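Chain residues, written in single-letter form:
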Amino acid sequence: GEVSMAAAIAVLVGGSPSVEQVVDHGRKRFRAISMDKLTPDIFDSSYVDLRWYNLSHHASLDGVDAFISHSWRDSATAKWTALQKWRADF
């Protein structure tokens, strides 16, 4: 669960933060981008762009419907099409 994941992250980041500290840190930094703000060109880029951060907003861990892991090697068009289908079905 959440505590196990936080413990694993604590080990990875080094030092000896408590599980509570790791979860608190994640809660404070968690951000999201609404689907209505995404555009196809975002998925066609192979570099990090500050505008993605500017599109994001602080969010609660339980206030996000989906987490999307982005791979630069996947087709941007296929990814955008799949996301739009998911969005319509959601």
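Up top you'll find the structure we're talking about.
Reading the values: the criteria
Residues numbered from 1 in each chain as written. Predicted model: local features only at pLDDT ≥ 70, side-chain atom pairs only at ≥ 80, totals over all residues. Heavy atoms only, no water. Helix = DSSP H or I, 4+ residues; strand = E, 2+ residues; numbered from the N terminus. Polar contact = N/O pair within 3.5 Å; in protein donor to acceptor, adjacent residues only side chain to side chain. Contact = heavy atoms within 4.5 Å. Core = buried A, V, L, I, M, F, W, Y, C linked by side-chain atoms within 4.5 Å. Buried < 20%, exposed > 50% of the residue type's maximum accessible area, 1.4 Å probe, protein only. Phe/Tyr/Trp six-rings, centres within 6.5 Å; stacked < 30°, edge-to-face > 60°. Lys NZ or Arg CZ within 6 Å of the ring centre and 35° of its normal.

With that settled, consider the side chain of Ser-56. Tracing the chain through its elements places Ser-56 in the loop between helix 3 (50–55) and strand 2 (57–58). Within the local environment of Ser-56, its side chain forms a polar contact with the side chain of Arg-31, the two groups lying 2.7 Å apart. Separated by 2.6 Å, the side chain of Ser-56 and the backbone oxygen of Tyr-53 make a polar contact. In this view, Ser-56 contacts Arg-31, Ala-32 and Ile-33; residues no more than four positions away in its chain are not counted.

Time to look at the nonpolar core. In this structure, Met-35, Leu-38, Ile-42, Phe-43, Trp-52, Ala-76, Trp-80 and Leu-83 together form the largest nonpolar core, which totals eight residues. Broken down by element, this core gets its largest block of residues, three residues, from helix 4 (residues 76–89).

Right, let's get into the environment of Trp-80. Residue placement: Trp-80 occurs in helix 4. Placed 41 residues apart in sequence, Trp-80 and Thr-39 show a C-alpha to C-alpha distance of 8.3 Å. Discounting chain neighbours no more than four positions away, the residues touching Trp-80 are Leu-38, Thr-39, Pro-40 and Phe-43.

Let's shift gears to the packing of aromatic side chains. In this structure the tally under the stated criterion is two aromatic pairs. On the basis of an interplanar angle of 45° and a centroid distance of 6.1 Å, the ring pair of Phe-43 and Trp-80 is categorised as tilted. Here the residue Phe-43 occupies a position in the loop between strand 1 (31–32) and helix 3, and Trp-80 occupies one in helix 4, the gap between them amounting to 37 residues. The exposure class of Phe-43 is buried, given its relative accessible area of 7%. For Trp-80, a relative accessible area of 18% translates into the label buried. Positioned above the aromatic ring of Tyr-53 is the side chain of Arg-31, whose terminal nitrogen or guanidinium carbon lies 4.1 Å from the ring centre.

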